[in-house]
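In case you want the letters, here they are:
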Amino acid sequence: MLQQVNGHSSGSDAHGGESLREDLQEFLGGEAPLHQLDDLTKVNPVTLETEFAKGTSASVLRCLQARYMADTFYTSAGCTLVALNPFKPIPQLYSPELMQEYHAAPQPQKLKPHIFTVGEQTYRNVKSLMEPVNQSIVVSGESGAGKTWTSRCLMKFYAVVAASPTSWENHKIAERIEQRILNSNPVMEAFGNACTLRNNNSSRFGKFIQLQLNRAQQMTGAAVQTYLLEKTRVACQASNERNFHIFYQICKGASADERLQWHLPEGAAFSWLPNPERTLEEDCFEVTREAMLHLGIDAPTQNNIFQALAGLLHLGNTRFADSGNEAQPCPLMDDAKCSVRTSASLLRLPEDPLLETLRIRTIRAGRQQQVFQKPCSRAECDTRRDCLAKLVYARLFDWLVSVINSSICADPGSWTTFIGLLDVYGFESFPTNSLEQLCINYANEKLQQHFVAHYLRAQQEEYTAEGLEWSTVSYQDNQTCLDLIEGSPVSICSLINEECRLNRPSSAAQLQTRIESTLAGSPCLGHDKLSREPSFIVVHYAGSVRYHTAGLVEKNKDPIPPELTRLLQQSQDPLLKVLFPADPEEKSQEEPSGQSRAPVLTVVSKFKASLEQLLQVLHSTTPHYIRCIKPNSQGQAQMFHQEEVLSQLEACGLVETIHISAAGFPIRVSHRNFLKRYELLRRLRPGAAPSPHGPPPDEGRSGWSPHSEQATLQALLQDILHTLPALAQAPAEAMPAPVHCGRTKVFMTDSTLELLERGRAQVLEQCARSIQGGWRRHWGRKQERQRRAAVLIQAAVRSWLTRKHIQRLHAAATVIKRAWQEWRIRMAFLASKELDGVEEQRSSQVTCSPSSSPLPQAQTRLLGAVTRFWPLGLVLANAAVGAHGFRRKLVVFACLPLPVGSPSSYTVQTAQEQAGVTSIRALPQGSIKFHCRKSPLRYADICPEPSPNSVTGFNQILLERHRLGHV
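- For the protein chain, the name recorded in an unreviewed UniProt entry is Unconventional myosin-XIX, with Tursiops truncatus as its organism.
- Database annotation for the protein chain, UniProt heading Function (unreviewed entry): "Actin-based motor molecule with ATPase activity that localizes to the mitochondrion outer membrane. Motor protein that moves towards the plus-end of actin filaments. Required for mitochondrial inheritance during mitosis. May be involved in mitochondrial transport or positioning."

Right under this line is the structure:
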């Protein structure tokens, strides 16, 4: 470190410091890896500690320059995103595919810095319902830094990611809403943007776009609120600047018929249309007309709008000459008579009343409100002409905003949250600055104070209040400048308003004197002694600006003569009738009596009220900041001017932001929320006793005190924080970043939060694995029990079914057996009865014929045996190997009814020779059909296959004709 001796460093120390500085620059400030640093808080200072701030600024500049030359235009700076204007088209940087990539990423902050990162963060904050739910993005920067383009890309991003309808009809509705929201941009830019010295598409008004989301986080509509349109640009343009874009669009894009209708011939010169030869990208008339058509502005209404604008251009060519007699009105110049006639025709106004209103002033005086008419001077005629043009254009712009809101705004009950986009004019300092620049810079001062109060000052004050060991970082607080502009009781705004209320003509030199004398004690007020024009200097946060007091009071009054309004109410144009309705109440308000005259509402007062309302909305949301930086004032690509960039960084407080973000703790969590989320990390410590998860003890309970509860919380918090070293023991893991436990909150850095989340995920994974293991064991046991029960049930059912089947088989077999036995018995009975009859007949024949001789004894015994063993004969007769010869004859003799006599007298007769055989053994005539009734039993009708050797029936055995014939 350099040692100072009487304010100068010694030679050796200086030489050593230079060598050390060179070593540090070589070690830390290598330009090769600088473009890889996505966060400016990670940039190492390349100088010594005594020049820390200066060294950090140089490092930040070199990092931004390296990234800019590598076509990397977005860099994080703590809570702020730095956006460098590339000054060239880069379509792939804003493609829908890239939008979806940032939207689908689990952690968008891990991707490269981009405006889509901020957009996705705000959208996820709305989805997570983190208080405050509503989000806002403040896009700030100098004119030409790219604020309008950034807002336009953010709107496209939200239109893509916030539209996910579930049905085809909802999809069509969402597409229509998205298209209308996106179409509002070209219309508002055409009527509200202009080419200035610093920017070809400079917003000459401020706008706050409220993107409305429903409960499903789908975009249902939007609302636009505008601030301080620079309507003086219609009639007055600075050197090398242009009027609003819409005038150049209708002059360059109108068709031949429209030119003839609007009296805009080729090459026509208009005094209010400077630099028409310049061709810009914004001079696209067809885009504006198509966007207006999508917003519900039909072709006839568009024609009326463009016709009125053409009438204003012709009105600007109306020039007056000096009048030699004050009692006579100023005459028109020779080339202005045609312009007045054309303007009156386009505006559908009577020509004579138009000239009379421009050249003659109506004065009401006295209690009787007597009317006097006084011819105006040439300057007053020009002022009234300009006032008429500004009045028409301002009403037209407000009407367009109302039409846009009616087209894209959703019903109050259909949306619950919103994301706000604030795009305001940047800090301005021109060679000639007036009331417009004062209001614009005043708005930038208020937004800078909002940033300082929200982030820089609030963060440091919170560190001090929480008892953290914190070395305060000095930052540029603009409260002194704001006190000079809007403070109470006396300020620049109050003095200008007071000049407007005084019933006397205001002098520019007198206003300068009053401001310098009254506010001489303010350190932010200065004056240029060498300036010949009355002016005063205000030291803003972005630099000093000299404001001219000439015309300041008149612009603040913004007087609108009542006769101008009455003249426009006489117009036959449908659009002007809407813009200037004939309202009796309005007429009565325009002509108040002298005693009941209300205080004049000045431009400064209205702008201040709207700005306070805007800041209230911003304070009720979670703000996000995008700082747009202009690399060079020439608008050239790949050109980086360090001086201009450094002045912008210092002006917006970005250097202080980097200091506080690098040394501070951006993550702040209350003790209870921290304990609720990370208490499970205590599982990583062996032997840690689980703490109760119930609510804190009630205050009414005995033995409870806030000190005891705080001591318990502190012990639990320290127990959790002691797990950080264990979490950092992983390979290639650095030690945890500092974390401090304040009185009510825990302060930590992003790396510490990432480490805690990683440990929490690890514990949750272990718990999930344990739960999964226990569940799998329970499920396996349950499945095994169910399998065993199923096996038992199946076995029981199968056993029951088998028993039932066997029982049915037994029942069927029993029925068959009983039927067979009955049939066999019946057949045996019939056969026995028939045989008994034969024997009786034979015995009677023997008895009745005494003349016959008795049979021999052997033959008698043979016949008796045949009679007794006739069943055996039946079996042998039907056997496969049957009896032959004599045995078969015996069987036949035994079976047939032969007369008793000598064997020689017996003759064998076949069944065919016997007529009228009625025995059951007779051969059946024709086919035999068995008619059986189907049994209700399952197996009763099933008969087993007959054996080839079995006896199938008595009829088949006894009465076979062909066999009997061979006996």
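1. Remarks on the overall build of the protein chain
In step 1: Scanning the protein chain from terminus to terminus reveals 33 helices and 19 strands.
In step 2: Taken over 967 residues, the protein chain has a buried fraction of 43%.
In step 3: In the protein chain, 71% of the contacts between residues at least 6 apart in sequence involve partners at least 24 apart.
In step 4: Roughly 52,100 Å² of accessible area belongs to the protein chain as shown, and the carbon and sulfur atoms make up 55% of that amount.

2. Focus: the state of the cysteines
In step 1: In this structure the tally under the stated criterion is 0 disulfides.
In step 2: Cysteine Cys439 is unpaired, with the sulfur of Cys493 as its nearest cysteine sulfur at 7.0 Å.

3. Points about the sheet that holds strand 18 (residues 739-741)
In step 1: Read from one edge to the other, the open sheet built from 3 strands follows the order 17-19-18, with strand pairing classed as antiparallel. Sheet topology places strand 17 (667-670) and strand 18 at the edges, where each strand pairs with a single neighbour. With direction set aside, neighbouring strand axes in the sheet form an average angle of 15°.
In step 2: Strand direction decides the pairing type here: strand 17 and strand 19 (residues 745-748), joined by 4 bridges, are antiparallel. By the bridge assignment for strand 19, Ile667 is matched with Met748.

4. Here's the deal with helix 22 (residues 603-619)
In step 1: The end-to-end C-alpha distance of helix 22 is 24 Å, a good match for the 24 Å that 17 residues give at a rise of 1.5 Å each.
In step 2: Turning to helix 22, its buried residues are Val603, Val604, Phe607, Ser610, Leu611, Leu614, Leu615 and Leu618. Projection of helix 22 onto a plane perpendicular to its axis shows the buried side chains occupying an angular sector of 145°, all on one side. Along helix 22, exposed side chains directed more than 90 degrees from the buried face belong to Gln616 and His619.

5. Concerning the packing of aromatic side chains
In step 1: Going through the model one piece at a time under the given rule, you end up with 19 aromatic pairs.
In step 2: Their ring planes at 15° and their centres at 5.0 Å tell us that Phe244 and Tyr393 sit as a pair that is stacked. Residue Phe244 is located in the loop between strand 9 (219-227) and helix 7 (245-253), and its partner Tyr393 is located in helix 13 (residues 378-408); the two are separated by 149 residues in the primary sequence.
In step 3: Taking relative accessible area as the criterion, Phe244 reaches 0% and is therefore assigned buried.
In step 4: Grouping aromatic residues by their ring pairs yields a cluster made of Tyr94, Tyr102, Phe116, Trp149, Phe157 and Tyr158.
In step 5: For the cation-ring pair, Arg242 lies above Tyr248, with the distance from its terminal atom to the ring centre recorded as 3.8 Å.
In step 6: One cation-aromatic arrangement involves Arg627 over Phe451; the distance from NZ or CZ to the ring centre is 4.6 Å.

6. Considering the environment of Ile658
In step 1: Relative to the helices and strands, Ile658 is located in helix 24 (residues 654-663).
In step 2: Overall, the relative accessible area of 4% leaves Ile658 in the buried class.
In step 3: Along the backbone, Ile658 and Leu40 are 618 residues apart, and their C-alpha atoms lie at a distance of 6.7 Å.
In step 4: Excluding anything up to four places from it in sequence, Ile658 contacts Leu40, Thr41, Val60 and Ala77.

7. Describing the confidence of the model for the protein chain
In step 1: Counting all residues, the mean pLDDT for the protein chain is 78, and 72% of those residues have values of 70 or more.
In step 2: Looking at the elements of the protein chain, mean pLDDT is at its lowest for strand 1 (residues 4-5), recorded as 35, and at its highest for helix 10 (residues 299-316), recorded as 95.
In step 3: pLDDT under 50 marks residues 692-704. Its contacts with residues more than four places away, or in other chains, come to 8 contacts.
In step 4: Residue range residues 730-737 is modelled with pLDDT below 50. Its contacts to residues more than four positions away, or to other chains, number 12 contacts.

8. Focus on the environment of Met748
In step 1: One can find Met748 in strand 19.
In step 2: For the pair Met748 and Val669, spaced 79 residues apart in sequence, the C-alpha separation works out to 8.6 Å.

9. Side note on the UniProt feature "binding site: ATP" (unreviewed entry) in the protein chain
In step 1: What UniProt calls "binding site: ATP" (unreviewed entry) maps, in this numbering, to Gly141, Glu142, Ser143, Gly144, Ala145, Gly146, Lys147 and Thr148. Of the annotated set, the members that line the largest cavity are Gly141 and Glu142.
In step 2: Locating Ala145 in the fold gives a position in the loop between strand 5 (135-141) and helix 5 (147-161).
In step 3: Beyond its immediate sequence surroundings of up to four residues, Ala145 is in contact with Asn85, Cys628, Ile629 and Lys630.

10. Focus: the nonpolar core
In step 1: By size, the foremost hydrophobic cluster in this structure holds 123 residues, and its most contacted members are Tyr158, Phe191, Ile246, Ile305, Leu309 and Tyr393.
In step 2: For this core, the element with the highest residue contribution is helix 13, accounting for 15 residues.
In step 3: Setting aside chain neighbours within four positions, we find Leu309 in contact with Phe191, Ile246, Phe247, Ile250, Tyr393 and Leu396.
In step 4: Core analysis: the next-biggest nonpolar cluster, separate from the first, contains 45 residues, Tyr227, Val424, Cys481 and Leu511 among them.

11. Some remarks on the side chain of Thr220
In step 1: One can find Thr220 in strand 9.
In step 2: Contacts of Thr220, omitting those with residues within four sequence positions, involve Ile177, Gln212, Leu213, Asn214, Ile408, Ala410, Ser414 and Trp415.

12. Quick word on the sheet that holds strand 9
In step 1: Read from one edge of the open sheet, 7 strands run 3-4-16-5-12-8-9, paired in mixed fashion. At either margin of the open sheet sits one strand with a lone partner, and together these are strand 3 (74-77) and strand 9. With strand direction ignored, the average angle separating the axes of adjacent strands in the sheet is 20°.
In step 2: Note: strand 4 (residues 80-84) against strand 16 (residues 622-629), 5 bridges, orientation parallel. Bridge pairing links Leu84 to Ile629 in strand 16.

13. Focus on a nonpolar patch on the surface
In step 1: On the surface, Ile793, Val797, Trp800 and Leu801 cluster together into a nonpolar patch covering about 400 Å² of accessible area.
In step 2: Of note, Ile793 is situated in helix 28 (residues 750-848).
In step 3: Classification of Ile793 as exposed rests on a relative accessible area of 53%.

14. Quick notes on empty space enclosed by the protein
Any empty space left between the atoms is revealed when a probe the size of a water molecule rolls over them.
In step 1: A complete count under the given rule lists 7 cavities of 30 Å³ or more for this structure.
In step 2: Around the largest cavity, the lining comprises 13 residues; the ones closest to its centre are Gly141, Glu142, Tyr541, Gln648 and Cys652.
In step 3: Split by domain, the residues of the lining of the largest cavity number at least three in each of domain 1 (31-113 + 634-664) and domain 2 (435-550).

15. A short note on helix 3 (residues 96-104)
Structural remark: α-helix, 3.6 residues per turn; residues separated by three or four positions point the same way.
In step 1: The set of residues buried in helix 3 consists of Leu98, Met99 and Tyr102. Considered in projection along helix 3, the buried side chains sweep an arc of 105° and stay on one side of the axis. More than 90 degrees from the buried face of helix 3, the exposed residues found are Glu97 and Ala104.
In step 2: Tucked into the core, helix 3 has its buried residues touching helix 4 (115-128) and helix 5.

16. A word on a positive patch on the surface
In step 1: On the surface, a cluster of positive charge is contributed by Arg777, Arg781, Lys782 and Arg785.
In step 2: Mapped onto the secondary structure, Arg777 falls in helix 28.
In step 3: Accessibility expressed as a relative area gives 52% for Arg777, which makes it exposed.

17. Concerning the packing of helix 16 (residues 492-501) against helix 17 (residues 508-518)
In step 1: Running from N to C, helix 16 and helix 17 point in directions that differ by 145°, and their axes come no closer than 10 Å. Read as a crossing pair, helix 16 and helix 17 show a hand that is right-handed. Contacts between helix 16 and helix 17 involve Ile492, Leu495, Glu498 and Glu499 from the former and Leu511, Arg514, Ile515 and Thr518 from the latter.
In step 2: Its residues placed into classes, the contact of helix 16 with helix 17 shows 4 nonpolar, 1 polar and 3 charged.

18. Considerations on the pattern of salt bridges
In step 1: Counted under the stated rule, the structure contains 26 salt bridges.
In step 2: Arg152 is the salt-bridge partner of Glu189, the closest N and O atoms lying 2.8 Å from each other. Taken together, the residues Glu189 in helix 6 (residues 168-192) and Arg152 in helix 5 connect sequence positions 37 residues apart.
In step 3: Note on Glu189: relative accessible area 11%, which makes it buried.
In step 4: Here the salt bridges do not stand alone but share partners, grouping Arg204, Glu230, Arg233, Glu241 and Glu428 into one network.

19. A few points about the side chain of Gln448
In step 1: Relative to the helices and strands, Gln448 resides in helix 14 (residues 435-465).
In step 2: Within polar-contact distance, the side chain of Gln448 engages the side chain of Arg627 at 3.2 Å.

The rules behind each value
- Residues numbered from 1 in each chain as written.
- Predicted model: local features only at pLDDT ≥ 70, side-chain atom pairs only at ≥ 80, totals over all residues.
- Heavy atoms only, no water.
- UniProt positions renumbered as here; feature names shortened; annotations may be inferred.
- Helix = DSSP H or I, 4+ residues; strand = E, 2+ residues; numbered from the N terminus.
- Buried < 20%, exposed > 50% of the residue type's maximum accessible area, 1.4 Å probe, protein only.
- Contact = heavy atoms within 4.5 Å.
- Areas by Shrake-Rupley, 256 points an atom, 1.4 Å probe, with all protein chains shown as cover.
- Disulfide = S-S within 2.5 Å.
- Pairing = 2+ DSSP bridges.
- Axes fitted to C-alpha atoms, helices over the stretch in contact; angles between N-to-C directions.
- Expected span 1.5 Å × (residues − 1).
- Arc of directions from axis to C-beta.
- Phe/Tyr/Trp six-rings, centres within 6.5 Å; stacked < 30°, edge-to-face > 60°.
- Lys NZ or Arg CZ within 6 Å of the ring centre and 35° of its normal.
- pLDDT = per-residue confidence, 0-100.
- 1 Å grid on protein atoms, 1.4 Å probe; cavity = no way out; pocket = protein on both sides within 12 Å on 5 of 7 lines; lining within 4 Å.
- Core = buried A, V, L, I, M, F, W, Y, C linked by side-chain atoms within 4.5 Å.
- Patch = residues over 30% accessible without salt bridge, like charges linked within 9 Å, V, L, I, M, F, W, Y side chains within 5 Å.
- Salt bridge = Lys/Arg side-chain N within 4 Å of Asp/Glu carboxyl O.
- Points joined across faces, edges and corners; volume = space filled by probe spheres on them.
- Domains from an automatic or database assignment.
- Lys, Arg positive; Asp, Glu negative; His and termini not counted.
- Charge placed at Lys NZ, Arg CZ, Asp CG, Glu CD.
- Left-handed = near helix turned anticlockwise from the far one by under 90°.
- Nonpolar A, V, L, I, M, F, W, Y, C, P; charged D, E, K, R; others polar.
- Polar contact = N/O pair within 3.5 Å; in protein donor to acceptor, adjacent residues only side chain to side chain.

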